[in-house]
Amino acid sequence: MAEKEVQAESIYECLKCNLPMTPGKVTVSYMGSSFPVELLKCPGCGLVLITEDLALGKMLEVEKTLEDK
């Protein structure tokens, strides 16, 4: 996973600022629950990148768990 994160860091660039996305702490919220996570974000404007793999993987799993409660 760490190798994949390093590759992602070197690939993604903010379309608004043209700056490379760097890992940073962000808070993700869903259905009243908030989770601090480290995701790629733009150091200029703060735009956060959520990859398709993350959205359809771990995030979907957490969403389903919260919805079942």
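Residues numbered from 1 in each chain as written. Predicted model: local features only at pLDDT ≥ 70, side-chain atom pairs only at ≥ 80, totals over all residues. Heavy atoms only, no water.

Moving on to the state of the cysteines. Taken as a whole and judged by the stated rule, the model has 0 disulfides. This cysteine, Cys-42, is not joined by any disulfide, and Cys-14 carries the nearest cysteine sulfur, 3.6 Å off. Residue classification places Cys-42 among the buried residues on the basis of a relative accessible area of 2%. (Disulfide = S-S within 2.5 Å. Buried < 20%, exposed > 50% of the residue type's maximum accessible area, 1.4 Å probe, protein only.)

Attention shifts here to the confidence of the model for the protein. Here the protein averages 86 in pLDDT, while 86% of its residues score no lower than 70. Within the protein, the lowest mean pLDDT, 55, falls on helix α1 (residues 2-11), and the highest, 94, falls on strand β3 (residues 48-49). (pLDDT = per-residue confidence, 0-100. Helix = DSSP H or I, 4+ residues; strand = E, 2+ residues; numbered from the N terminus.)

Before going further, it helps to examine the sheet that holds strand β1 (residues 22-30). Read from one edge of the open sheet, 3 strands run β1-β2-β3, paired in antiparallel fashion. Every other strand in the sheet has two partners, leaving β1 and β3 as the edge strands with one partner each. Taken together, the 2 bridges between strand β2 (residues 33-41) and β3 define a ladder with antiparallel strand orientation. Pairing of Leu-40 across the sheet is with Leu-49, part of β3. Seen against the sheet, helix α3 (residues 58-68) touches β1 and β2 and runs at an angle of roughly 20 degrees to β1. (Pairing = 2+ DSSP bridges. Contact = heavy atoms within 4.5 Å. Axes fitted to C-alpha atoms, helices over the stretch in contact; angles between N-to-C directions.)

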